[in-house]
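Notes for the structure review
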Amino acid sequence: MRGIFAAGALDVFLEQRFFPFDLVLGVSVGASNALSFLAGQHGRTRRCFLDQMSRPEFIDPWRGVRGGHWMDLDWLWDAIEREDPLDRRAAASCGVEYALVATSVQTGTARYLTPMADDMLEALKASCALPLLYRKTVTLDGEQFVDGGLSDPIPVREAYRRGARTIVVLRSRAAHFVKNARVANLLGAWAMRRDPGLVKACRNAAAVYRDAVEFMTSPPPDCHVIQVAPAAALATGRTSRDRAALERDYALGRALGREAIVRFEHIASGETLDKAG
C-alpha cells in the first residue's frame, strides 16, 4: 500500500508530460505503477489503492491466520480487470524498454520479465506475489516466481548495466532507510525451507537492499541518481487501508515528483544525457 506514494509522483510526471525515459523497471507494486504510467493511465493506480486494494476481500489478516491469503491477489486481479483494467496493449506498445522484476523460486535470483499484452497480468502478479502474505507462486513458461522485492528490490544496478546513466528511483522508504537483517527474514527463510532458492533470497534480502542503497549513495562517476523518497516514514504501512493516510502519501508523492522533474532538468541542462532509466 506504500506504493501510493509513487503513484502520486507518476501522476505528476504524466500531467507535466515528463517522459525522458528509455528504460522502466518495476518491482512488486512498483511494477503495477510502472505499467499504468507506460499506458498513460493517469489516476488509475490511485483509484486502485483507494478502492479495490482497500477492500477486505483483498487484505484480511484473519484470513491469513486461518491459512488463506492475507493479500488475495487472485481476487484483486479479477476485481481490477472488471472495474478499472490496465490498458495492456498501450503499455506493451509504448516504445520504451521495460521489465518487471520477479524472483525465481528455483534459484532465488532476480528475473527481469518483459511480457507482452497477453501475458502481462500474470507477469505482474508474479512480481507482486509476496510469500506468506500470498500463499501461492505464479508459474510462467514452466518456471515458478514470487515477489521481485526478495531478489532485487531497487534495481539500480540492472538499470546501469542496461546503459542508464541518469536514473530516477521511486522509493516508498525514507531516503536514509537501509534494510538490516531482521527476525522476519529468518522466519521467512524457515517458512520457505522447502524451497532452497527462496531461503537463499530471504537470507540475502537485507544485503541486496543495502547494496542498492550504496550504489545510489555513491554512484559511478558517469551516473546520476535522483531519489524520489520521503524524508521520514510514510503514514501508510504495507497493508494500511486508512484513506486519510493514503491520500497524504499520494499528495507527498506528487510534491516530490515535481521536485524530481526540476532536479532532472537541472542535470539535463548541464550535460548531454546518453540514456535515462
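Now for a quick tour of the structure.

What counts and how
- Residues numbered from 1 in each chain as written.
- Predicted model: local features only at pLDDT ≥ 70, side-chain atom pairs only at ≥ 80, totals over all residues.
- Heavy atoms only, no water.
- Helix = DSSP H or I, 4+ residues; strand = E, 2+ residues; numbered from the N terminus.
- Rg over C-alpha atoms; globule rule 2.2 N^0.38 Å.
- Buried < 20%, exposed > 50% of the residue type's maximum accessible area, 1.4 Å probe, protein only.
- Contact = heavy atoms within 4.5 Å.
- Areas by Shrake-Rupley, 256 points an atom, 1.4 Å probe, with all protein chains shown as cover.
- Lys, Arg positive; Asp, Glu negative; His and termini not counted.
- Charge placed at Lys NZ, Arg CZ, Asp CG, Glu CD.
- Salt bridge = Lys/Arg side-chain N within 4 Å of Asp/Glu carboxyl O.
- 1 Å grid on protein atoms, 1.4 Å probe; cavity = no way out; pocket = protein on both sides within 12 Å on 5 of 7 lines; lining within 4 Å.
- Points joined across faces, edges and corners; volume = space filled by probe spheres on them.
- Nonpolar A, V, L, I, M, F, W, Y, C, P; charged D, E, K, R; others polar.
- Expected span 1.5 Å × (residues − 1).
- Phe/Tyr/Trp six-rings, centres within 6.5 Å; stacked < 30°, edge-to-face > 60°.
- Lys NZ or Arg CZ within 6 Å of the ring centre and 35° of its normal.

Quick word on the overall build of the protein chain
- In terms of regular secondary structure, the protein chain is built from eleven helices and seven strands.
- Relative to a compact globule of 277 residues, whose C-alpha radius of gyration would be 19 Å, the protein chain shows 18 Å and is just as compact.
- With the principal axes as the frame, the protein chain shows a C-alpha extent of 55 × 35 × 35 Å.
- The proportion of buried residues among the 277 residues of the protein chain is 52%.
- In the protein chain, the proportion of contacts linking residues at least 24 apart, taken out of those at least 6 apart, comes to 73%.
- Of the roughly 12,900 Å² of accessible surface on the protein chain, a fraction of 51% belongs to carbon and sulfur atoms.
- Between the averaged position of the 36 positive side-chain charges in the protein chain and that of its 33 negative side-chain charges there is a distance of 6 Å.

A closer look at the environment of Gln16
- Of note, Gln16 is situated in the loop between helix H1 (4-15) and strand E1 (23-27).
- On the basis of relative accessible area, Gln16 is assigned to the partly exposed category, the value being 44%.
- For the pair Gln16 and Ala39, spaced 23 residues apart in sequence, the C-alpha separation works out to 15 Å.
- With sequence-adjacent residues up to four places away left out, Gln16 is seen in contact with Arg258 and Ile261.

Considering the pattern of salt bridges
- Taken as a whole and judged by the stated rule, the model has 18 salt bridges.
- Measuring nitrogen to oxygen at the nearest pair gives 2.8 Å for the salt bridge that ties Asp51 to Arg55.
- A salt bridge links Arg162 to Glu97; the shortest N-O distance between them is 2.8 Å. Here Arg162, found in the loop between helix H8 (156-161) and strand E6 (166-170), pairs with Glu97, found in strand E2 (residues 97-104); they are 65 residues apart in sequence, far enough to count as distant.
- What makes Glu97 partly exposed here is its relative accessible area of 35%.
- Here the salt bridges do not stand alone but share partners, grouping Asp51, Arg55, Arg82 and Glu83 into one network.

What to know about empty space enclosed by the protein
- According to the stated counting rule, one finds one cavity of 30 Å³ or more in the structure shown.
- As a volume, the largest cavity reaches approximately 40 Å³.
- Taken together, Leu10, Asp11, Leu14, Asn33, Ser36, Phe37, Gln41 and Thr45 make up the full set of residues lining the largest cavity.
- Secondary-structure elements contributing two or more residues to the lining of the largest cavity are H1 and helix H2 (29-38).
- For the lining of the largest cavity, the residue count by class is three nonpolar, four polar and one charged.

Observations regarding the environment of Val199
- Looking at where Val199 falls in the secondary structure, it is placed in helix H10 (residues 196-217).
- Note on Val199: relative accessible area 10%, which makes it buried.
- In this structure the C-alpha to C-alpha distance between Val199 and Gly30, which are 169 residues apart in sequence, comes to 23 Å.

Brief notes about helix H11 (residues 243-270)
- Taking 1.5 Å of rise per residue, the 28 residues of H11 would be expected to cover 40 Å, and the 41 Å separating its terminal C-alpha atoms lies within 8% of that figure.
- Of all the positions in H11, only Ala245, Leu246, Asp249, Tyr250, Gly253, Arg254, Leu256, Gly257, Ala260, Ile261, Phe264 and Ile267 are classed as buried.
- The inward-facing, buried residues of H11 contact H1, helix H3 (44-50), E6 and strand E7 (224-228).

So, helix H7 (residues 120-128)
- Of all the nine residues making up H7, eight are buried; the element is thus mostly covered by neighbouring parts of the structure.
- Buried within H7 are the following residues: Met120, Leu121, Ala123, Leu124, Lys125, Ala126, Ser127 and Cys128.

Describing the packing of aromatic side chains
- Going through the model one piece at a time under the given rule, you end up with ten aromatic pairs.
- Considering the side-chain rings of Phe13 and Phe37, the 6.3 Å spacing of their centres and the 70 degrees angle between planes classify their relative orientation as edge-to-face. With Phe13 in helix H1 and Phe37 in helix H2, this residue pair connects regions lying 24 residues apart in the sequence.
- By relative accessible area, Phe13 is classed as buried at 1%.
- On the basis of an interplanar angle of 65 degrees and a centroid distance of 5.7 Å, the ring pair of Tyr160 and Phe215 is categorised as edge-to-face. Separated by 55 residues along the polypeptide, Tyr160 in helix H8 and Phe215 in helix H10 bring together distant segments of the chain.
- By the ring-pair criterion, three or more aromatic residues cluster together here, those being Phe13, Phe18, Phe19, Phe21, Phe37 and Phe264.
- Against the face of Tyr160 rests Arg165, its NZ or CZ located 3.7 Å from the ring centre.

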